[in-house]
Amino acid sequence: MKEVVLGLLGLGNIGGGVWDLVQFFGKDVEKRTGLTLQIKKALVLDKKVHGGKDVPDEVLTTERNDILEDPEIQIVCEFLGGEQPAASMMLRALENGKSVVTANKMALSLHFDELRAMAKKTGAGLYYEASVGGAIPVINALTSPLIANHIEQIMGIVNGTTNYILTRMAAEGADYETILKDAQRLGLAEPNPAADVEGMDAAYKLSIMGSLAFHSRVHVEDIYREGITKVTAEDIAFGREMGYVLKLLAIGKDNGDSIEARVHPAFLPADHPLARVDGSLNAIYLYGHSFKDMMLEGRGAGDAPTASAIVGDIVQAAQNAVHPMPYLRPETVPVADDWQSKYFIRMQAKDAPGVLAEVTGLLAGEGISVSAMMQKHAVPGEKATLIVITHSAPEKAVQRVVKALNSDICQVDNVIRVEG
Ligand SMILES: NC(=O)c1ccc[n+]([C@@H]2O[C@H](COP(=O)([O-])OP(=O)(O)OC[C@H]3O[C@@H](n4cnc5c(N)ncnc54)[C@H](OP(=O)(O)O)[C@@H]3O)[C@@H](O)[C@H]2O)c1
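These figures come from a predicted structure and were not determined experimentally. (Residues numbered from 1 in each chain as written. Predicted model: local features only at pLDDT ≥ 70, side-chain atom pairs only at ≥ 80, totals over all residues.)

Things to note about the overall build of the protein chain
No. 1: Assigned secondary structure in the protein chain consists of 14 helices and 17 strands.
No. 2: In terms of overall dimensions, the protein chain is globule-like: its C-alpha atoms have a radius of gyration of 24 Å, near the 22 Å expected for 420 residues.
No. 3: With respect to the principal axes defined by its C-alpha atoms, the protein chain has extents near 80 × 45 × 35 Å.
No. 4: When burial is assessed residue by residue, the protein chain has 45% of its 420 residues classed as buried.
No. 5: The long-range fraction of contacts in the protein chain, counting pairs at least 24 apart against all pairs at least 6 apart in sequence, stands at 74%. (Helix = DSSP H or I, 4+ residues; strand = E, 2+ residues; numbered from the N terminus. Rg over C-alpha atoms; globule rule 2.2 N^0.38 Å. Buried ≥ 20, exposed ≤ 12 C-beta atoms within 10 Å, placed from the backbone. Contact = placed C-beta atoms within 7 Å.)

Have a look at this one:
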């Protein structure tokens, strides 16, 4: 048996989940791998908060150097959350030759280059399976079993909170604010939900997945981002009538000379594999030239599913004689600021002669053709709801049309991209 000495940074939800999994399943891991996992220290802010619980007092510390500078600790597991001090603690651990296992998508995506460079310099390992998709082994899939592929596309539901909200809005015909409040009451959305509902959490995850899939850094600040706060029950219902399901998607595409990276709500055809991924589940749909298409689905959050990925990383870090370092091209491929999609445009248009011709004329002027159109609540002389679905068109051209459409005869209420 080989003993693996661990230090945990943070003992909240995930740190506590890892502690529990190591206590209750450590013997089985030992039988399967020959590794005895020993948690020597766990960093907390206040020992009194954690004292008297499952973790013995001598394991708790409020001093980071008890972990980062202890030569006996081989693997540092970071579960503090946030950018700092998490990133600098990981950097210090790597500098000291300790492998790092983290679930922290924010610190990782913002400090990926520094952390990688330090790991490369000292030969320590950097493992982050739990940073994207919780228990779903998507990082491992992209860096190892799927390596013999040109990954052309990633499309992921990688935020459970927003998927839960959109699923309930669709099922109950309820508006965003009502479901958000209920999700907060049930503990399924944070009291400050901005990082989830504004798409930031998904953007951090896309930055990590995209960099690995396309072998080029996808910086989070280059990702186009739009959250779900503008989505209405009406959008979802009209989309459904036209055969679509709404999801918040993290989309990455390799277009050869540029990479697309965007997070926004999108309609998917009801028979798309991602369309049936409901509630707080996560799923990542991939397309590669050898394997064609594939979908990985599972629990993207929660202490036990996330701890499952983390203990998997700890085992890999302990077993690998040489730590893997994903390949990145020497020249960073630019992230595109324009792309092609189909569009759902919902507007209030005056029910008067010539209005439809004006709408289709503006679209035609930008070379955009219409694939479907639906009119609702038409009362002569008053405004009716008009929904247009376009064929594939450039984003910037659609935005120009939307600007031109807004007038006294027409008001665009929402524009939602249509994918799949
Ligand atoms: N929760 C999930 O389902 C999930 C899933 C995948 C990935 N993750 C990632 O896992 C990480 C941890 O998430 P979590 O849900 O476990 O958060 P959490 O419950 O808030 O735990 C973080 C813990 O770190 C402690 N802490 C913060 N700063 C510290 C410092 N400077 N020194 C010592 N302790 C400090 C906090 O103490 P206090 O409680 O005293 O503030 C808290 O106990 C995040 O990066 C998150 O994105 C979470």
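Structural notes on the packing of helix α7 (residues 160–172) against helix α8 (residues 176–185)
No. 1: With their axes 9 Å apart at the nearest point, α7 and α8 run at an angle of 125° to one another. Classified by the angle between their axes, α7 and α8 sit oblique to one another. Along this stretch, α7 crosses α8, giving a crossing that reads as right-handed. Residues Thr161, Tyr164, Ile165, Arg168 and Met169 of α7 pack against Tyr176, Ile179, Leu180 and Ala183 of α8. (Axes fitted to C-alpha atoms, helices over the stretch in contact; angles between N-to-C directions. Parallel < 35°, antiparallel > 145°, perpendicular 65-115°, else oblique. Left-handed = near helix turned anticlockwise from the far one by under 90°.)

Details of the pairing of strand β17 (residues 410–418)
No. 1: Examined bridge by bridge, strand β10 (residues 259–269) and β17 share 2 bridges and lie parallel to one another. Considered in β17, the bridge of Ala266 is made with Arg417. (Pairing = 2+ DSSP bridges.)

Let's talk about the sheet that holds strand β3 (residues 60–61)
No. 1: Strand order in this open sheet of 6 strands is β3-β2-β1-β4-β5-β6, and the pairing throughout is parallel. Whereas interior strands pair on both sides, the edge strands pair on one side only; in this sheet they are β3 and β6 (126–127).
No. 2: When strand β5 (residues 99–102) meets β6, the two strands line up parallel, connected through 2 bridges. Of the residues in β6, the one forming a bridge with Val101 is Tyr127.

Things to note about the site of the ligand
No. 1: The environment of the ligand is made up of 23 residues, and the closest members are Gly10, Gly12, Asn13, Gly81 and Ala301.
No. 2: With 3 residues, the top contributor of residues to the shell around the ligand is helix α1 (residues 13–33).
No. 3: Residue composition of the shell around the ligand, grouped by class: 12 nonpolar, 9 polar and 2 charged. (Near = placed C-beta within 6 Å. Nonpolar A, V, L, I, M, F, W, Y, C, P; charged D, E, K, R; others polar.)

Focus: unusual backbone geometry
No. 1: For the bond running from Gln84 to Pro85, omega is 10°, close enough to zero to count as cis.
No. 2: The residue Pro85 is located in the loop between β4 (75–78) and α4 (86–95) in this model.
No. 3: The backbone of His215 sits at a positive phi, close to 55°, despite the residue not being glycine.
No. 4: Turning to its location among the elements, His215 is positioned in the loop between α10 (200–214) and β8 (224–225).
No. 5: When the 16 C-beta atoms within 10 Å are taken as the criterion, His215 is described as partly exposed.
No. 6: In the Ramachandran plot, Lys292 falls in the positive-phi region, its phi being about 65° despite a non-glycine side chain.

Examining α1
No. 1: With 21 residues, α1 extends only 26 Å from end C-alpha to end C-alpha; this falls clearly short of the ideal 30 Å at 1.5 Å per step.
No. 2: Of all bends in α1, the biggest is about 65°, found at Phe25.
No. 3: Buried residues along α1 sit against β1 (2–9), β2 (35–43), β4 and α12 (303–319).
No. 4: Of the residues one or two after α1, Gly34 is the one with positive phi, at around 80°. (Expected span 1.5 Å × (residues − 1). Bend = angle between axes of the 7 residues up to and from the residue.)

With respect to the domain arrangement of the protein chain
No. 1: Splitting the protein chain by domain gives domain 1 (2–131), domain 2 (138–299) and domain 3 (340–418).
No. 2: The gap between the C-alpha centroids of domain 1 and domain 3 is 53 Å. (Domains from an automatic or database assignment.)

Structural notes on the nonpolar core
No. 1: The biggest cluster of nonpolar side chains holds 130 residues, and the ones touching the most others in it are Leu8, Cys77, Ile310 and Ile314.
No. 2: Looking at this core element by element, the count peaks at 9 residues for α10.
No. 3: Those residues in contact with Leu8 that lie beyond four places of it in its chain are Gly15, Val18, Ile39, Ala42, Leu43, Cys77 and Phe79. (Core = buried A, V, L, I, M, F, W, Y, C linked by C-beta atoms within 7 Å.)

A short note on α7
No. 1: An ideal rise of 1.5 Å per residue puts 18 Å on 13 residues; α7 measures up with 18 Å between its terminal C-alpha atoms.
No. 2: Among the residues of α7, Gly160, Thr161, Thr162, Asn163, Tyr164, Ile165, Leu166, Arg168 and Met169 are the ones counted as buried.
No. 3: Those residues of α7 hidden inside the fold are in contact with β7 (151–157), α8, α9 (194–197), α11 (233–241), β9 (244–254) and β11 (281–288).
No. 4: Two residues or fewer past α7, Gly173 is found with a positive phi of approximately 65°.

Brief notes about the packing of α4 against helix α5 (residues 105–122)
No. 1: Where α4 meets α5, the axes come as close as 9 Å, and the angle between the chain directions of the two elements is 10°. As judged from the angle between their axes, α4 and α5 are roughly parallel. Of the residues in α5, those touching α4 at Ala86, Ala87, Met90, Leu91, Leu94 and Glu95 are Ala107, Leu110, His111, Glu114, Leu115, Met118, Ala119 and Thr122.
No. 2: When grouped by side-chain class, the residues that make up the contact of α4 with α5 number 10 nonpolar, 2 polar and 2 charged.

Structural notes on the pairing of β7
No. 1: Counting buried positions along β7 gives 5 out of 7 residues, so the element sits mostly inside the fold.
No. 2: With 6 bridges connecting them, β7 and β11 associate as antiparallel partners. Of the residues in β11, the one forming a bridge with Gly156 is Ile284.
No. 3: Two strands pair when backbone bridges link them, and β7 and β9 are joined in this way by 4 bridges, in the antiparallel orientation. Paired with Gly156 across the two strands is Ala250, which belongs to β9.

Some points on the environment of Gly123
No. 1: Looking at the element boundaries, Gly123 is found in the loop between α5 and β6.
No. 2: With 25 residues separating them along the chain, Gly123 and Lys98 place their C-alpha atoms 8.9 Å apart.

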